[in-house]
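Now for the letters of each chain:
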Amino acid sequence: MLFIAPSILASNFVTLGDQVSAVQAGGADFLHFDVMDGVFVPNISFGFPVLKSLSLHFSMPLDVHLMIQNPDLYIERFAAAGADYITIHIENEGDTVEMLRKIRKCGAHPSVALKPGTPIEEVFPLIDEADMILVMTVEPGFGGQSFMPEMLEKVRRLREETQRRGYDRYKIEVDGGLRIDNIADAYDAGANVIVMGSAVFGSHDIPYAIKCLRAAAKREPIPEPSEPLISEDYTPPTGEDAAEAEQLEIAETTGDAEVSSSDENVSSHDDKCDVTVGDETDTTAE
Ligand code: DX5
Ligand code: ZN
């Protein structure tokens, strides 16, 4: 099964509710929710209040991607705010296995992401703990960047490894730069959860865009009327992000910028979750 997960990072927040209604009407499977703290990645997005509003108003599963420095401190609150999937990065400091277990204990599906520079073998020991693995196909932090096709080899190797372990429908998510012209390559490589920001929210007809993208993934004909998917006048709120990302990369390589990652002022606390997951442990499902 193919899961389409539009990322609201690319939406126009003035009319967020209407656009999410269109995403739901278009048959999207998940709503992808990118949380950025300005520390783990050099960008800031949104958090609990927005997630809670969406969760109270919409029924579609909320797929929360945490690009934050200390995810362990916030797992309970994201679960309580309505997250159905919670993805943490393997590059975070801390005990990834413990965090994944905490996510499950809080009633959400645990998931782990890896950046483009992290070898795929590093997540292999986490396959049994997680219900999904997210292979980043851009550097995390910004929407509207170009897809990195070389990441598909990581997807292939991960799919092989999950199959070798007997998971026929393990969820492998790809995120960043997915468009109508590369979605089939990602699906063929073994990705079955496809995150798309601008490819969905850049369309003047979101339900139609989702139908086209789903067809394109399976190399089926694009449904009529076959109009352009991305509106020419589309300027996402994060529209300058790709340029911003490039500037930061240039600054970092020339030593003009530094992103700090201090957590000195953040106090830790105990695992407070007592919600059990029941029969929701679906590492073998879909
Ligand atoms: C990047 C985010 C992505 C991003 C995808 O850090 O994790 O979810 O919103 O946006 P597009 O599809 O426009 O590349
Ligand atoms: Zn994401």
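Just so it is clear, the model here is predicted, and its values are computed rather than measured.

**A closer look at the site of ligand 1**
Phase 1 of the analysis: Around ligand 1 sit 21 residues, and of these Asp34, Gly141, Asp175, Gly197 and Ser198 come closest.
Phase 2 of the analysis: The contact in question runs from an oxygen atom of ligand 1 to an N or O atom on the side chain of aspartate 34, over 2.7 Å.
Phase 3 of the analysis: In the model, an oxygen atom of ligand 1 is placed 3.4 Å from a nitrogen or oxygen of the histidine 65 side chain.
Phase 4 of the analysis: When ligand 1 is considered free in solution it has 380 Å² of accessible area, and contact with the protein chains removes 100% of it.
Phase 5 of the analysis: For the shell around ligand 1, the secondary-structure elements that each account for two or more residues are strand 2 (31-36), strand 3 (62-67) and strand 8 (193-196).
Phase 6 of the analysis: Ranked by residue count, the leading element in the shell around ligand 1 is strand 2, at three residues.

**Describing the coordination of the zinc ion (ligand 2)**
Phase 1 of the analysis: All of the protein donors around the zinc ion (ligand 2) are His32 (NE2), Asp34 (OD), His65 (ND1) and Asp175 (OD); their distances to the metal are 2.0 to 2.3 Å.
Phase 2 of the analysis: With six donor atoms in place around the zinc ion (ligand 2) and angles of 65 to 169° between them, the coordination shape is octahedral.
Phase 3 of the analysis: In primary sequence terms, the donor set of the zinc ion (ligand 2) follows H-x1-D-x30-H-x109-D. Taken together, the residues aspartate 34 in strand 2 and histidine 65 in strand 3 connect sequence positions 31 residues apart.

**A closer look at the pattern of salt bridges**
Phase 1 of the analysis: Using the criterion set out here, one finds 13 salt bridges in the structure.
Phase 2 of the analysis: One salt bridge in this structure joins aspartate 128 and arginine 165, with 3.3 Å as the shortest N-O distance. Residue aspartate 128 is located in the loop between strand 5 (109-114) and strand 6 (132-136), and its partner arginine 165 is located in the loop between helix 5 (152-164) and strand 7 (171-175); the two are separated by 37 residues in the primary sequence.
Phase 3 of the analysis: The salt bridge partner of aspartate 188 is arginine 219, with a shortest N-O separation of 2.7 Å. Taken together, the positions of aspartate 188 in helix 6 (residues 183-189) and arginine 219 in the loop between helix 8 (206-217) and helix 9 (241-254) put the pair 31 residues apart, joining distant regions of the chain.

**A look at the sheet that holds strand 2**
Phase 1 of the analysis: Read across the sheet, eight strands follow the order 1-8-7-6-5-4-3-2 without closing on themselves; strand pairing throughout is parallel. Two strands close off the open sheet at either side, each with one partner strand: strand 1 (3-6) and strand 2. Adjacent strand axes in the sheet meet at a mean angle of 25°, parallel and antiparallel pairs treated alike.
Phase 2 of the analysis: Across three bridges, strand 3 lies against strand 4 (residues 85-89) in parallel orientation. Directly across from histidine 65, in strand 4, lies its bridge partner threonine 87.

**Describing helix 8**
Since the α-helix packs 3.6 residues into each turn, any two residues three or four apart lie on the same face.
Phase 1 of the analysis: Along its twelve residues, helix 8 runs 16 Å from first to last C-alpha, staying within 8% of the 16 Å computed at 1.5 Å per residue.
Phase 2 of the analysis: Burial within helix 8 is extensive, with nine of its twelve residues counted as buried.
Phase 3 of the analysis: For helix 8, the full list of buried residues reads Ile206, Tyr208, Ala209, Ile210, Cys212, Leu213, Ala215, Ala216 and Ala217.
Phase 4 of the analysis: Between the side-chain oxygen of the N-cap and the backbone nitrogen of tyrosine 208 there are 3.2 Å, and the N-cap of helix 8 in question is aspartate 205.
Phase 5 of the analysis: Arginine 219 sits one or two positions beyond helix 8 and adopts a positive phi of about 55°.

**Details of the confidence of the model for the chain**
Phase 1 of the analysis: Taken residue by residue, the chain gives an average pLDDT of 88. The fraction at 70 or more is 82%.
Phase 2 of the analysis: Within the model, pLDDT remains below 50 along residues 257-271, and this stretch shows 21 contacts once partners closer than five positions in the same chain are excluded.
Phase 3 of the analysis: When the criterion is pLDDT under 50, residues 275-286 qualifies, and its contacts beyond four places in sequence or with other chains add up to 31 contacts.

**Concerning the environment of leucine 66**
Phase 1 of the analysis: Note that leucine 66 resides in strand 3.
Phase 2 of the analysis: Spatially, the C-alpha atoms of leucine 66 and phenylalanine 33 are 8.4 Å apart, while their sequence positions differ by 33 residues.
Phase 3 of the analysis: If near-sequence neighbours (up to four positions away) are discounted, leucine 66 is found in contact with Val35, Pro71, Phe78, Ile86, Thr87, Ile88 and His89.

Analysis parameters
- Residues numbered from 1 in each chain as written.
- Chains lettered and ligands numbered in written order.
- Predicted model: local features only at pLDDT ≥ 70, side-chain atom pairs only at ≥ 80, totals over all residues.
- Heavy atoms only, no water.
- Near = heavy atom within 4 Å.
- Polar contact = N/O pair within 3.5 Å; in protein donor to acceptor, adjacent residues only side chain to side chain.
- Areas by Shrake-Rupley, 256 points an atom, 1.4 Å probe, with all protein chains shown as cover.
- Helix = DSSP H or I, 4+ residues; strand = E, 2+ residues; numbered from the N terminus.
- Donors = N, O, S within 2.8 Å, 3.2 Å for Na, K, Ca; no water.
- Tetrahedral: all angles 85-135°; square planar, octahedral: opposite > 155°, others 65-115°.
- Salt bridge = Lys/Arg side-chain N within 4 Å of Asp/Glu carboxyl O.
- Pairing = 2+ DSSP bridges.
- Axes fitted to C-alpha atoms, helices over the stretch in contact; angles between N-to-C directions.
- Expected span 1.5 Å × (residues − 1).
- Buried < 20%, exposed > 50% of the residue type's maximum accessible area, 1.4 Å probe, protein only.
- pLDDT = per-residue confidence, 0-100.
- Contact = heavy atoms within 4.5 Å.

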